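Topology and contacts: notes
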Amino acid sequence: MSSIGHNISLHERARRIRRHALRMGEVQGQGYIAQALGIADVLAVSYFHATAYRPDDPEWEERDRFLLSIGHYAIALYAALIEAKIVPEDELESYGTDDSRLPMSGMAAYTPGMEITGGSLGHGLGIAVGMCLGLKRKRSSSFIYTLFSDGELDEGSTWEAAMSAGSHKLDNLIGIVDVNQMQADGPSLGVMNFEPLAPKFEAFGWYTQRVDGNDIDALVVAFDKARRHGGPVPRVIICDTKMAKGVPFLEARERNHFLRVEPGEWTEALKIIDERVAP
Amino acid sequence: MRRSKYVRPDFLSAPAGERPRLTTSAMIASIAGPDQPTRAAPFGHALAALARNDDRIVGMSADLAKYTDLHVFRAAHPDRFYQMGMAEQLLMMSAAGMAREGFQPWVTTYAVFASRRAYDFICLAIAEEELDVKIVCALPGLTTGYGPSHQATEDLAILRGMPNLTIIDPCDALDIEQAIPQIAAHRGPVYMRLLRGNVPLVLEEYGYSFTLGKAKRIRDGRDALIISSGIMTMRVLEAAKLLQRDGVDAAVLHVPTIKPLDEETILSECGKQNRLVVVAENHTLVGGLGEAVAATLMRSAVRPSAFRQIALPDAFLEAGALPTLHERYGLSTERVVASLKAWLDE
């Protein structure tokens, strides 16, 4: 865990992550905003409760690695990296612009703290398997967190990786599935029925939990249990999240996989986020 | 054109008692001739030896360690071998992860599976990041009689388009043994076409040595210049000896590094004298060494008097015994000699 800002609540972290994401979205007028708002609570718990890192040294050898398999969610991770002070806040105005360190899709070579290049879906979990094997060779006690989406469950490579993680007894791997029920072509379960999901991971030998991914207290418990579980098995936290969580008029949009937001609506969305009172 | 399943083979038309005794030949998959000196598993032994002094090296395979000579490494360094199962996408992803943690993974499978099935994972997880992963693949081009499921006749065409990837097509055991330490010393992704099992040893007598990125003239000659890679260098050297008896003087330029291509040496050789230039490769005539050399010439002012290709046809090839198929598709020494003579007579 980072030693900075222990007096700031996780709810406030999540609120700020949403705020950073909205401000970046405003730069381009569109983007994967609904995903960023939906996953903000998971990112708050990941970066401000569960993972060890050094803001001034993103490649610190003993850090926990957080892998973004869904390159499309880059705006969400940038928001978390800004809040974690790995990326300077003033850089958010460069989001998606030419020569920016914050391109529209997440790429390792561009951004401090971006561990892998995602975007071609179904890569993250397999790369995590190799990194976990590598960490074990180095006798490292670091964890690999990998955030992937329900859409990535369509990719066979995700399941190759899931099976191998169980087979290789990767107890340093923590998968996080964002089940937000929305893909490019529409509701996820309509694209490909991946349920029942938890039993699938259990059958592959994973320690499996399923939580409300917008319930910070539940997430804290789940991340703690994932880290402390004693078995020689990989761990997965299936997070049911709500697209555009926190901004009701965006939550209500039926097709919010890729949001186009009118200029005035950004101010409205930021106002709603800013008025939220942290419990 | 493939055979039709509706047409019985001609040899079955003879009465049962008079038929010749039929033997199974598809299992004959060695590229070594009957009297050729060979070395066993040169890749496996070279990697195992190198790993003794390099802790970064790990081996990973997709259920084909035994068939890619990686079992030699596995036996020598069992704790450094990772079995990733019959899952080539995972093989490439996990190798990328290993490389990210500072190791140098050497991954093995068949060339068909790496190039056709795992392309996106080599491209995005490994090459885009310039990760230090070595991809060593058996059964390149036409080196098995198992048909298109196992014949990687287009692997170079597929992989040459990938930025950052170095591509090696060695000729024999000596080439492989010398290439391994140089590939390890090169930082970045490398794809090597593997000759496995008892691999011929032919380049020793020519005083040849492998240099990554360099083409090497193995013999000189005034009538023709044969530019070749992989096992075709072996074949054209044999062909050149036979042609010599008929008074034909053929030079051979071996190009084991397909990418980046040693354009300087190729252009220098192509610009010398007024020779027929032939590119010979164990690959379809689409997108391999032949077209790479042609493109190099196109971008230069060098114009050979004639330019020809010895390569596999743009087709899915038949199943059968390797010697039969090499003869059928023009890769045998005899067919190379015949092609050269015909072109020189034009």
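Everything quoted here is computed from the prediction, not taken from an experiment.

**Looking at the overall build of chain B**
- Helices and strands together make up the secondary structure of chain B, namely 12 helices and 14 strands.
- The globule rule puts the C-alpha radius of gyration for 346 residues at 20 Å, and the 20 Å found for chain B is close to it.
- For chain B, the spread of C-alpha atoms along the principal axes amounts to about 60 × 60 × 35 Å.
- The proportion of buried residues among the 346 residues of chain B is 58%.
- Long-range pairs, those at least 24 residues apart, make up 79% of the contacts in chain B with a sequence separation of at least 6.

**Focus on the overall build of chain A**
- Each helix and strand in chain A was counted, giving 10 helices and 7 strands.
- Projected onto its principal axes, the C-alpha positions of chain A cover 50 × 45 × 40 Å.
- In chain A, which comprises 279 residues, the proportion classed as buried is 60%.
- When the accessible surface of chain A is summed, it comes to about 10,800 Å², and 49% of that surface belongs to carbon and sulfur atoms.
- When the 29 basic and 39 acidic side-chain charges of chain A are each reduced to a single mean position, those positions are 6 Å apart.

**What to know about the side chain of Gln209 of chain A**
All names here are of chain A.
- Along the chain, Gln209 falls in strand β5 (residues 207-212).
- For Gln209, a relative accessible area of 9% corresponds to the buried category.
- When neighbours within four sequence positions are excluded, Gln209 is seen to be in contact with Ala222, Lys225, Ala226, Val236, Ile237 and Ile238.

**Describing the state of the cysteines**
Residue and element names in this part refer to chain B.
- Summed over all chains, the structure comprises 0 disulfides over all chains.
- Summary of cysteine pairing: Cys137 is not part of a disulfide, and the nearest cysteine sulfur, belonging to Cys123, is at 15 Å.
- Cys270 carries a free sulfur, and the closest cysteine sulfur to it, the one in Cys171, is 19 Å from it.

**What to know about the confidence of the model for chain B**
- In this model, chain B carries a mean pLDDT of 95, and residues with pLDDT of at least 70 account for 98%.
- Overall fold confidence for the complex sits at a pTM of 0.95, while the interface term, ipTM, reaches 0.93.

**Quick word on the packing of helix α4 (residues 124-137) of chain A against helix α5 (residues 156-167) of chain A**
Residue and element names in this part refer to chain A.
- Direction vectors running N to C along α4 and α5 enclose 30°, while the axes themselves pass 7 Å from each other. Considering their axes alone, α4 and α5 lie roughly parallel with respect to each other. The hand of the α4/α5 crossing is left-handed. Across the interface between the two elements, Leu125, Gly126 and Val129 of α4 pack against Thr158, Ala161, Ala162, Ser164 and Ala165 of α5.

**With respect to the interface of chain B and chain A**
- Taken together, the contact between chain B and chain A spans 25 residues of the former and 27 residues of the latter.
- Summed over both partners, the interface of chain B with chain A comes to about 2,000 Å²; 60% of that surface belongs to carbon and sulfur atoms.
- Run the count over chain B and chain A and you get 3 salt bridges.
- Arg137 of chain A is the salt-bridge partner of Asp79 of chain B, the closest N and O atoms lying 3.9 Å from each other.
- Here chain B and chain A share 12 residue pairs in polar contact (both at pLDDT 80 or more) between them.
- When contributions to the side of chain B that touches chain A are tallied by element, the ones reaching two or more residues are β2 (57-61), β3 (81-83), α3 (88-100) and α5 (119-127) of chain B.
- If one sorts the elements of the side of chain B that touches chain A by residue count, α3 of chain B sits on top with 9 residues.

**Some details on the nonpolar core**
- Residues Phe201 of chain A together with Met92, Ile135 and Ile227 of chain B are the most contacted members of the largest nonpolar core, which totals 147 residues.
- In contact with Phe201 of chain A, other than residues within four places in its own chain, are Phe148, Leu153, Trp159, Ala162, Val177, Trp206, Thr208, Val236 and Ile238 of chain A.
- If you look at the next biggest cluster of nonpolar residues, it comprises 65 residues, including Val45, Ile82, Tyr95 and Ile216 of chain A.

**A look at the pattern of salt bridges**
- A complete count under the given rule lists 42 salt bridges over all chains for this structure.
- The salt bridge involving Arg227 of chain A is made with Asp64 of chain A; its shortest N-O contact spans 3.2 Å. Residue Arg227 of chain A is located in helix α8 (residues 216-228), and its partner Asp64 of chain A is located in the loop between α2 (33-50) and β2 (65-68); the two are separated by 163 residues in the primary sequence.
- The class for Arg227 of chain A is partly exposed, based on a relative accessible area of 26%.
- Residues Arg117 of chain B and Glu88 of chain B are paired through a salt bridge, measuring 3.8 Å at the closest nitrogen-oxygen approach. Taken together, the positions of Arg117 of chain B in helix α4 (residues 111-117) and Glu88 of chain B in helix α3 put the pair 29 residues apart, joining distant regions of the chain.
- By relative accessible area, Glu88 of chain B is classed as buried at 4%.
- Several salt bridges share partner residues, and in doing so they unite Glu12, Arg13, Arg15, Arg16, Arg19, Glu83 and Asp274 of chain A into one network.

**Details of the sheet that holds strand β9 (residues 216-219) of chain B**
All names here are of chain B.
- Here 5 strands make up an open sheet; going across it, the order is β9-β11-β10-β13-β14 and the pairing mixed. Each edge of the open sheet is held by one strand with a lone partner, namely β9 and β14 (306-312). Averaged over all neighbouring strand pairs, the angle between strand axes comes to 25°, with direction disregarded.
- Alignment of strand β13 (residues 276-284) against β14, held across 6 bridges, turns out to be parallel. Paired with Ala280 across the bridge in β14 is Ile310.
- Strands in contact with helix α12 (residues 333-345) are β10 (224-228), β13 and β14; relative to β14, the strand with the most contacts, it is inclined by about 160°.

**What to know about α8 of chain A**
Residue and element names in this part refer to chain A.
- Taking 1.5 Å per residue as the helical rise, α8 with its 13 residues ought to reach 18 Å, and the 18 Å between its terminal C-alpha atoms agrees with that figure.
- The complete set of buried residues in α8 reads Ile216, Leu219, Val220, Ala222, Phe223, Asp224 and Ala226.
- In this fold, the buried residues of α8 make contact with α1 (10-28), α2, β3 (144-149), β4 (173-179), β5 and β6 (235-240).
- One side-chain oxygen of the residue at the start of α8 lies 3.2 Å from the amide nitrogen of Asp217, identifying that residue as Asp215.

**Brief notes about the pairing of β5 of chain A**
Residues and elements named next belong to chain A.
- In terms of strand pairing, β5 meets β6 through 6 bridges, oriented parallel. In the strand pairing of β6, Arg210 is matched with Ile238.
- In this fold, β5 hands off to α8, which returns the chain to β6; that crossover is right-handed.

Calculation notes
- Residues numbered from 1 in each chain as written.
- Chains lettered and ligands numbered in written order.
- Predicted model: local features only at pLDDT ≥ 70, side-chain atom pairs only at ≥ 80, totals over all residues.
- Heavy atoms only, no water.
- Helix = DSSP H or I, 4+ residues; strand = E, 2+ residues; numbered from the N terminus.
- Rg over C-alpha atoms; globule rule 2.2 N^0.38 Å.
- Buried < 20%, exposed > 50% of the residue type's maximum accessible area, 1.4 Å probe, protein only.
- Contact = heavy atoms within 4.5 Å.
- Areas by Shrake-Rupley, 256 points an atom, 1.4 Å probe, with all protein chains shown as cover.
- Lys, Arg positive; Asp, Glu negative; His and termini not counted.
- Charge placed at Lys NZ, Arg CZ, Asp CG, Glu CD.
- Disulfide = S-S within 2.5 Å.
- pLDDT = per-residue confidence, 0-100.
- Axes fitted to C-alpha atoms, helices over the stretch in contact; angles between N-to-C directions.
- Parallel < 35°, antiparallel > 145°, perpendicular 65-115°, else oblique.
- Left-handed = near helix turned anticlockwise from the far one by under 90°.
- Buried area = accessible area lost by both parts, 1.4 Å probe.
- Salt bridge = Lys/Arg side-chain N within 4 Å of Asp/Glu carboxyl O.
- Polar contact = N/O pair within 3.5 Å; in protein donor to acceptor, adjacent residues only side chain to side chain.
- Core = buried A, V, L, I, M, F, W, Y, C linked by side-chain atoms within 4.5 Å.
- Pairing = 2+ DSSP bridges.
- Expected span 1.5 Å × (residues − 1).
- Right-handed = clockwise from strand over helix to strand, strands pointing away.

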